[in-house]
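Report on the structure
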2 protein chains.
Amino acid sequence: MEYFSSDALCNFSIDIFKKIGCSTEHAELAAGVLSSADLRGVDSHGIARLIGYIRLWEKDRINSQPNIRITHQTPSTAVVDGDQGLGLVVAPEAMKIAIEKAMNVGTGWVAIRNSNHFGIAGYHAMLPLEKDMIGLAMTNASPIVAPTFSKDRLLGTNPIAVAIPAENEPPFVADFATTTVANGKLEILQRKNESAPYGWVQTKEGSPSQSPQEVANGGSLLPLGGDRDHGGHKGYCLGAWVDIFSAVLSGANYGPWVPPFVAFLEPSPNPVGRGIGHFVGAMRVDAFRPAKEFKQHMDQWIRTFRDAETVAGQQKVLIPGDPEREQEQIRKEEGVPLLPPVIESLQQLAEKFRVEFPAKA
Amino acid sequence: MEYFSSDALCNFSIDIFKKIGCSTEHAELAAGVLSSADLRGVDSHGIARLIGYIRLWEKDRINSQPNIRITHQTPSTAVVDGDQGLGLVVAPEAMKIAIEKAMNVGTGWVAIRNSNHFGIAGYHAMLPLEKDMIGLAMTNASPIVAPTFSKDRLLGTNPIAVAIPAENEPPFVADFATTTVANGKLEILQRKNESAPYGWVQTKEGSPSQSPQEVANGGSLLPLGGDRDHGGHKGYCLGAWVDIFSAVLSGANYGPWVPPFVAFLEPSPNPVGRGIGHFVGAMRVDAFRPAKEFKQHMDQWIRTFRDAETVAGQQKVLIPGDPEREQEQIRKEEGVPLLPPVIESLQQLAEKFRVEFPAKA
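Residues numbered from 1 in each chain as written. Chains lettered and ligands numbered in written order. Predicted model: local features only at pLDDT ≥ 70, side-chain atom pairs only at ≥ 80, totals over all residues. Heavy atoms only, no water.

1. A closer look at the interface of chain B and chain A
Taken together, the contacts link 88 residues of chain B with 88 residues of chain A. For the chain B and chain A pair, buried surface summed over both sides reaches about 7200 Å², with 70% attributable to carbon and sulfur atoms. For chain B, the biggest contributors to the area lost against chain A are B:Phe149, B:Lys234 and B:Phe288; these three give 11% of the whole. Run the count over chain B and chain A and you get two salt bridges. Between A:Glu309 and B:Lys151 there is a salt bridge, with the nearest N and O atoms lying 3.6 Å from each other. On inspection of chain B and its partner chain A, the count reaches 36 residue pairs in polar contact (both at pLDDT 80 or more). For the side of chain B that touches chain A, the leading source of residues is helix H7 (residues 232–248) of chain B, giving twelve residues. Residues that form the side of chain B that touches chain A fall into these classes: 53 nonpolar, 22 polar and 13 charged. (Contact = heavy atoms within 4.5 Å. Buried area = accessible area lost by both parts, 1.4 Å probe. Salt bridge = Lys/Arg side-chain N within 4 Å of Asp/Glu carboxyl O. Polar contact = N/O pair within 3.5 Å; in protein donor to acceptor, adjacent residues only side chain to side chain. Helix = DSSP H or I, 4+ residues; strand = E, 2+ residues; numbered from the N terminus. Nonpolar A, V, L, I, M, F, W, Y, C, P; charged D, E, K, R; others polar.)

So, in structure tokens, the structure goes:
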């Protein structure tokens, strides 16, 4: 593990995105989303994925100069076609539209098709916060999750993020995969050679398993809850909801047709829509009650939960967003830790595109 | 267990609601929501709860002639004050407003305060379906759920329901508590003298437990997922989201201040808002893409999931709403089964209000 300054990594990503043809504006936007993930401690969605995006571009599956456009709209809704652009760029552009609509009629809701992986959902959900709006972001993803009672992989980890402003407290920012765990947690166990708790994965036959290799071996992640007895059917409902809002509303691919993020797997030859789909929303707080009043009650909500009595052995009750904010504080000072294979992949990119790779912090 | 005709039970509820002063329209609406729960197999939210509503009315905590009114609005949003009315009436009235707004600007979102228990969330979410709209309904509830790492009861079972229309397939209707299980499942285990799987409840000290008596003994239900290792913090995020949308947006009570449903427990003497809160929404499908196109893709989505390969021992993969629809078919023919204590409570009401109690089917 070596540490790098987050600014230096962000500038490196900007350089690379520009090299594949992105405008400066788009390159900065995309790099900003990755950088936000690295700062917030969501390592699986930060600069570690940069090479993945580039490989998709090399296969003509990402368009670095997309014509992102509204194909249909009403005063509170729109469908955006991302023109195969980076989800890192398409999603914030779509959120801009949602925010504008919320300014006009109270809320704005945008379904997006023909996009690609959009990075961390929380980044997009947080965009409306500074305007005293609530933000919502969801996306579908490559299918590695089996619905309850099935052994087929039909859903992605399909995350949901909700960001809600407060007055003196930091905002409430929930951002979670609708599976028991995201794939990254399994990779950590693999590296440590440890087994997973039951409820995370099943074998390709659908049997309970504790092996972190299971997904790599054709098995699947389980929806949040795990098996039926532990409420896994509710996680399946959540993942399905995200899939339908992101893709059936927008005209993107859904279920097993969602194109894979990795460039070595080909998308379905018979797609049911275009690219992957997202769904974002913005709600003006003062479309419901005066913003100050709302935010003061959010402060009280947050303090009530933060001050709740803990069970023995736990230091405190967390508010959604706390762990990421703590990481951000630490990493702004100490830098972003990168694993050797990630550093190697970035050095490869540096060489290929003749861009300088930053020195360690 | 004895069986009663669902129509007869519904008429009985109408009579009782009229006796406490509800208008015919409100009585029919409220009885319809209870009846829908009984038909769909959600026994805990059907006529079994009738006496609970009446007891709250007797304690002046339910107003049978509410002046339900919009206190604030924008083209796509409203806040509704339920004037302490039955949630069974207030929520459908609020959904009407959401639907009207969706007609005008694509979507409508209504936060409701000063209400009471609204019955099954799915009923309300399904109201927009016939207009080719997606429906959404959530509500907060009396606190019996501890956030992750805490032993305090700060959240209710806070359900979410999402209803999405299809073309030839029945609609997708997800309706679930944001806990591993709803309280009713524990009551069933208590009656059978069986233990619960880990992940459902914890003791009042916050220790894992398998006792279905735990909540009655001061313990708490766990958020969907169960403990931290199984994603319980995501269930906590979901429950919190529902609480904030239902109550902080509307000006209702949130967290530990949500008034109890049972009449023998008093509401907090220092409320932070009025009554309990709900949040409902309606989205016109054709605010995104032509309704027919959307619904045909929903058919394909549904068939893809229904036809997925099952794990050994399971007959089929379910679409959210399937089990309730099957129950509805059966119960329309065979009648609604009621347990002896429920029948007794209804006979008490019959006597008290001099209304005839229906004969067995």
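2. Quick notes on the relation of the copies chain B and chain A
Under the fitted operation, chain B is carried onto chain A by 0.0 Å of movement along the axis and a turn of 180°, and the coordinates agree to an RMSD of 0.0 Å. Here the two chains are linked by the operation of a two-fold rotation axis. By C-alpha distance to the rotation axis, the residue of chain B lying nearest is B:Gly225, at 2.1 Å. (Least-squares fit on C-alpha atoms with pLDDT ≥ 70 in both.)

3. A look at the pattern of salt bridges
All names here are of chain A. Counted by the stated rule, this structure contains 46 salt bridges over all chains. Here glutamate 2 makes a salt bridge to lysine 360, at a shortest N to O gap of 3.7 Å. In this pair, glutamate 2 sits in strand E1 (residues 2–4) while lysine 360 sits in the segment after helix H10 (340–353), placing the two residues 358 residues apart along the sequence. Residue glutamate 2 is classed as partly exposed on the basis of its relative accessible area of 32%. Across the salt bridge formed by arginine 306 and aspartate 322, the nearest N and O atoms sit 2.6 Å from each other. Remark: aspartate 322 occurs in helix H9 (residues 322–334) and arginine 306 occurs in helix H8 (residues 291–306); sequence separation between them is 16 residues. Taking relative accessible area as the criterion, arginine 306 reaches 24% and is therefore assigned partly exposed. Residues joined in a network through salt bridges with shared partners are Glu169, Asp299, Arg303, Arg306, Asp322 and Arg325. (Buried < 20%, exposed > 50% of the residue type's maximum accessible area, 1.4 Å probe, protein only.)

4. Structural notes on a nonpolar patch on the surface
Taken together, the side chains of A:Val262, A:Phe264 and A:Leu265 make up a nonpolar region of the molecular surface, amounting to roughly 300 Å² of accessible area. Structurally, A:Val262 can be placed in the loop between helix H7 (232–248) and strand E11 (276–284). (Patch = residues over 30% accessible without salt bridge, like charges linked within 9 Å, V, L, I, M, F, W, Y side chains within 5 Å. Areas by Shrake-Rupley, 256 points an atom, 1.4 Å probe, with all protein chains shown as cover.)

5. Some thoughts on the sheet that holds strand E9 (residues 208–209) of chain A
Residues and elements named next belong to chain A. Spatially, E9-E8-E10 is the arrangement adopted by the three strands of the open sheet, whose pairing is antiparallel. Single-partner strands in this sheet number two, and they are E9 and strand E10 (220–221). Bridging between strand E8 (residues 201–202) and E10 involves two bridges; their strand directions are antiparallel. Note that in E10 the partner of valine 201 across the bridge is leucine 221. (Pairing = 2+ DSSP bridges.)

6. Details of the side chain of B:His278
All names here are of chain B. Looking at the secondary structure, you find histidine 278 in strand E11 (residues 276–284). Judged by its relative accessible area of 0%, histidine 278 is buried. Polar contacts involving the side chain of histidine 278 include one to the main-chain carbonyl oxygen of asparagine 116, which spans 3.3 Å. Every residue in contact with histidine 278, bar those within four places of it in the chain, is listed here: Gly87, Ala91, Val110, Ala111, Ile112, Ser115, Asn116, Phe118, Met138, Thr139, Phe245 and Ser246.

7. A closer look at the packing of helix H1 (residues 6–19) of chain A against H10(A)
Residues and elements named next belong to chain A. H10 packs onto H1 with a crossing angle of 45° between their chain directions and a minimal axis gap of 11 Å. Between H1 and H10, the angle is such that the two are oblique. Along this stretch, H1 crosses H10, giving a crossing that reads as left-handed. On the side of H1, the interface is formed by Phe12, Ile16 and Lys19, while H10 contributes Leu346, Leu349, Ala350 and Phe353. Residues that form the contact of H1 with H10 fall into these classes: six nonpolar, no polar and one charged. (Axes fitted to C-alpha atoms, helices over the stretch in contact; angles between N-to-C directions. Parallel < 35°, antiparallel > 145°, perpendicular 65-115°, else oblique. Left-handed = near helix turned anticlockwise from the far one by under 90°.)

8. Describing unusual backbone geometry
Most peptide bonds are trans, and most residues other than glycine sit at a negative phi. Its identity is not glycine, yet A:Asn114 carries a phi of approximately 60°, on the positive side. Residue class for A:Asn114 comes out buried when judged on its relative accessible area of 11%. One non-glycine residue, B:Asp83, adopts positive backbone phi at about 55°. Topologically, B:Asp83 is positioned in the loop between strand E3 (77–81) and helix H4 (87–105).

9. Quick notes on the domain arrangement of chain A
All names here are of chain A. Domain annotation for chain A reports domain 1 (1–58 + 325–361), domain 2 (66–180 + 222–320) and domain 3 (183–219). Relative placement of domain 2 and domain 3: their C-alpha centres are 25 Å apart. Taken together, the eight residues of domain 2 in the interface contact eleven residues of domain 3. Here domain 2 packs against domain 3, burying approximately 760 Å² in sum over the two surfaces, 47% of which is carbon and sulfur. Our count for the contact surface shared by domain 2 and domain 3 stands at one salt bridge. A salt bridge links lysine 151 to glutamate 205; the nearest nitrogen and oxygen atoms lie 3.1 Å apart. One can count six residue pairs in polar contact (both at pLDDT 80 or more) joining domain 2 with domain 3. Looking at side-chain class alone, the side of domain 2 that touches domain 3 contains three nonpolar, three polar and two charged residues. (Domains from an automatic or database assignment.)

10. Description of the pairing of strand E5 (residues 133–139) of chain A
All names here are of chain A. Burial of E5 is extensive: seven of the seven residues sit out of reach of the surface. Sheet topology places E5 next to E11; seven bridges connect them, and they run antiparallel. Within the sheet, the bridge partner assigned to methionine 138 lies in E11 and is phenylalanine 279. The sheet contact formed by E5 and strand E6 (residues 160–164) spans four bridges and is antiparallel. Its bridge partner lying in E6, alanine 137 is registered against alanine 161.

11. Describing the packing of H7(A) against helix H8 (residues 291–306) of chain B
Contact geometry for H7(A) and H8(B): axes closest at 11 Å, N-to-C directions at 145°. In this structure, H7(A) crosses over H8(B), and the sense of that crossing is right-handed. Counting all contacts with H7(A), which are made through A:Tyr236, A:Ala240, A:Asp243, A:Ile244 and A:Val248, the residues of H8(B) involved are B:Phe294, B:His297, B:Met298, B:Trp301 and B:Phe305. Classifying every residue of the contact of H7(A) with H8(B) gives eight nonpolar, one polar and one charged.

12. Some thoughts on the nonpolar core
Ranked by size, the top nonpolar core spans 110 residues in total, and within it A:Phe245, A:Phe279, A:Trp301, B:Phe245, B:Phe279 and B:Trp301 carry the most contacts. Among all residues touching A:Trp301, those that are not within four sequence positions of it are A:Phe172, A:Ile319, B:Ala240, B:Asp243, B:Ile244, B:Val248 and B:Tyr254. Counting 40 residues, the second largest nonpolar core, distinct from the first, contains A:Ile20, A:Ile51, A:Ile54 and A:Leu349. (Core = buried A, V, L, I, M, F, W, Y, C linked by side-chain atoms within 4.5 Å.)

13. Things to note about H7(B)
The end-to-end C-alpha separation of H7(B) is 23 Å, in line with the 24 Å expected for 17 residues at 1.5 Å each. Counting buried positions along H7(B) gives 16 out of 17 residues, so the element sits mostly inside the fold. (Expected span 1.5 Å × (residues − 1).)

14. A closer look at the sheet that holds strand E9 (residues 208–209) of chain B
Residues and elements named next belong to chain B. Spatial ordering of the open sheet is given by E9-E8-E10, a layout of three strands whose pairing is antiparallel. Every interior strand has two partners, whereas the edge strands, E9 and strand E10 (220–221), have only one. As defined by bridge partners, strand E8 (residues 201–202) adjoins E9 across two bridges and the pair is classed as antiparallel. Paired with glutamine 202 across the strands is proline 208, a residue of E9.

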